[in-house]
Amino acid sequence: MTMVAAADPIRPGRGGFFGALSDVLWRNPRLTLFLMLTPPLLWLGIIYLGSLFALLLQSFFSIDEYSGLIRREFTLSTYAELLNRANIDIIVRTLVMSASVTVGAAIVAFPIAYFAARYARGKWKALFYLGIMLPLWSSYLVKVYAWKLILAREGILNWLFAKLHLTWLLDAWLAIPVVGGNSLSVSHTGTFLVFLYVWLPYMILPVQAALERVPGNLVEASADLGASPRQTFSNVLLPLALPGVIAGSIFTFSLTMGDYIIPQIVGTSRRFIGQAVYAHQGTAGNIPLAAAFTVVPIVVMGFYLWFAKRRGAFDAL
Amino acid sequence: MTTAVSFQEVSRHFGAVRAVDRVDLDIREGEFFAMLGPSGSGKTTCLRLMAGFEQPTAGHIEIFGETAEGVPPYRRSVNTVFQDYALFPHLNVLDNVAYGLMVRGVARAERHAQAEAALDLVKLPGYGGRKPGQLSGGQRQRVALARALVNRPKVLLLDEPLGALDLKLREQMQEELKSLQKALGITFVFVTHDQGEALSMADRIAVFSEGRIMQIGTPEEVYKRPRSRFVADFVGSSNVLPPDFTARHGGARQWASLRPEALRLAEDGVGIAATVVGRAYLGASTRLILDAEGERIHAVLPAGASLPGDGAAIRLAFDKADLHVMEDQS
């Protein structure tokens, strides 16, 4: 057997500027890392975090009630205002809604993500991703207005309940205080349903990614050791998928906390944090109070992550 | 004697693929049973049918006389040691071992005591606090074994349990598994593609090929008296001799097998003329690869003999008694 004659033991450099540059970058991995990270870090650090801190700083200023001008002196009076009865109501309402949406999304997302991670292959997997992502391609406003029509008294949902002779059930639900209302489109239930729909992909994708990493034989091993499907779910699947659920809940929770459009279009006239921020920094011109409101989601998320970590939610990472 | 696992005409088809095809099998209580075959021969599917991860397409399975088809894995007193161990990464070693007891509601102190005892049994005392990720392959293997044994299964299934271990560790584990099985008296069913492993550990061996069992017997039966050319070839690389060759050298005109170690060098003028094509040094012996009358023949010669070099013309001899005529002539 004859072999093609080998080339030089060490081939000459490619030459030119880019050839020399690749050699230099290869020899200096730290320089490469520095060059790659600097632009995004500058963007994140100055443009994004910088403006966030500037905003937070505003929350320690206050507004002059007579002139409407901002007094640039350190004070906690804005925070005192944040904690008055009406504002606490807004915060609690937002937190309860965010938590409900998160729990609802986790419950709806899990079986979908499980199917996608365990059983969907090839064509079905592509279809799954398309189905999850497709709603994200259309405008958020279109979706929300579509839901307003669906949930309206003349909407398809009411019609469906009537056809199924279940109008009494819907009416009974709407008669419940707080969650009910005149129709679904002007109730907290309606707001919940729209939030659930809009943020669902942000829960499904991380949960699916987490489940994808759980080897199938762990489920078999659990069954083999005598665990019923329910025990396998709570002892093996859920703990291992928990980082994904937490990641998804960060999305659904913080997105719900910050949103001001959905509760404005679908739901009651009672305000959420996002609407309060919007109103205070816009029409009311009360930037310090708006800034104080934005601190709430940040603090809540901080506590949430701290608590999740303490409970071992990230141990399986 | 009680039958631990019984297959009656069991088939498992995946679409057009007949992974297991009309298999009859009786595994006795307390026996160390090996299912041997190349990959894709259906041995692992048979194991999964016993564990309950697969359901038969047709046929009937009994475990200690009770019907097993349709019974989910978690209701079978059968435990599995998985090929890649399948330890729960989020639980420490002790909780992994205690898992089977935990799901059955055994109190914490009691199950931990039993798990500790199981870890002692597999010679890993004091490892309970570690996570599976902190263990070596051999240690994980032992934890997987302890996790299965702590449930005192009626049948223990082992899916290529030694495949990922290095040679030294594998030989050590072979001995330990064998002595564990003797001490506990549990029926072990063991899947392997390594004929050496099957021969050295099992009480009986089933040789699989293409979803069927080619032969069931003791290691000695399977090794010395293979029923078919496949078994002769797969179990220990026997020389498979065609009918004409057998007839020329003192046998009937039938397919026969001849163990490589049954061959020896002979003086000029006797035996079969052969040419040395190559050789492989095996330590205690040397395998000569020979061309004899157009047939590729292997001969294993003990160390110390003076060996002919490549291309040398030699003569081969063997005892007629070692020539085994196979039942299955197809």
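Residues numbered from 1 in each chain as written. Chains lettered and ligands numbered in written order. Predicted model: local features only at pLDDT ≥ 70, side-chain atom pairs only at ≥ 80, totals over all residues.

(A) Geometry of the overall build of chain B. Regarding its fold elements, chain B presents nine helices and 18 strands. Dimensions of chain B, computed from the C-alpha atoms along their principal axes, are close to 80 × 45 × 35 Å. When the 330 residues of chain B are sorted by exposure, 43% land in the buried category. (Helix = DSSP H or I, 4+ residues; strand = E, 2+ residues; numbered from the N terminus. Buried ≥ 20, exposed ≤ 12 C-beta atoms within 10 Å, placed from the backbone.)

(B) Structural view of the sheet that holds strand β17 (residues 313-317) of chain B. Residue and element names in this part refer to chain B. Read from one edge to the other, the open sheet built from five strands follows the order β13-β17-β14-β15-β16, with strand pairing classed as antiparallel. Among the strands making up the open sheet, the edge pair consists of β13 (264-266) and β16 (295-302). Recorded for the sheet is a direction-independent mean angle of 55° between the axes of neighbouring strands. Across four bridges, strand β14 (residues 272-281) lies against β17 in antiparallel orientation. Residue pairing across strands places Thr275 opposite Ala313, the latter belonging to β17. (Pairing = 2+ DSSP bridges. Axes fitted to C-alpha atoms, helices over the stretch in contact; angles between N-to-C directions.)

(C) Expanded view of the packing of helix α10 (residues 216-224) of chain A against helix α11 (residues 229-258) of chain A. All names here are of chain A. Contact geometry for α10 and α11: axes closest at 10 Å, N-to-C directions at 140°. In terms of orientation, α10 and α11 fall into the oblique class. Seen along the crossing, α10 lies across α11 with a hand that is right-handed. Across the interface between the two elements, Leu218, Val219, Ser222 and Ala223 from α10 touch Thr232, Asn235, Val236 and Leu237 from α11. (Parallel < 35°, antiparallel > 145°, perpendicular 65-115°, else oblique. Left-handed = near helix turned anticlockwise from the far one by under 90°. Contact = placed C-beta atoms within 7 Å.)

(D) Representation of helix α4 (residues 137-149) of chain B within the structure. All names here are of chain B. End to end, α4 covers 18 Å across 13 residues, agreeing with the expected 18 Å (1.5 Å per residue, within 8%). Counting buried residues in α4 gives ten out of 13 residues, a clear majority hidden from the surface. Looking only at α4, the buried set comprises Arg140, Gln141, Arg142, Val143, Ala144, Leu145, Ala146, Arg147, Ala148 and Leu149. In this fold, the buried residues of α4 make contact with β6 (78-81), α2 (93-103), α3 (108-121), β7 (155-159) and α5 (167-184). (Expected span 1.5 Å × (residues − 1).)

(E) Structural context of the interface of chain A and chain B. Contacts between chain A and chain B engage 17 residues on the former and 19 residues on the latter. Of all the secondary structure elements, the ones that give two or more residues to the side of chain A that touches chain B are α10 and α11 of chain A. No other element matches α10 of chain A, which puts six residues into the side of chain A that touches chain B.

(F) Seen up close, the sheet that holds strand β12 (residues 256-258) of chain B. Residues and elements named next belong to chain B. Strand order in the open sheet formed by three strands is β11-β12-β18, and the pairing between neighbours is antiparallel. Looking along the sheet, the strands with just one partner apiece sit at the ends: β11 (239-241) and β18 (324-325). Alignment of β11 against β12, held across three bridges, turns out to be antiparallel. Bridge pairing in β12 links Val240 to Ser257.

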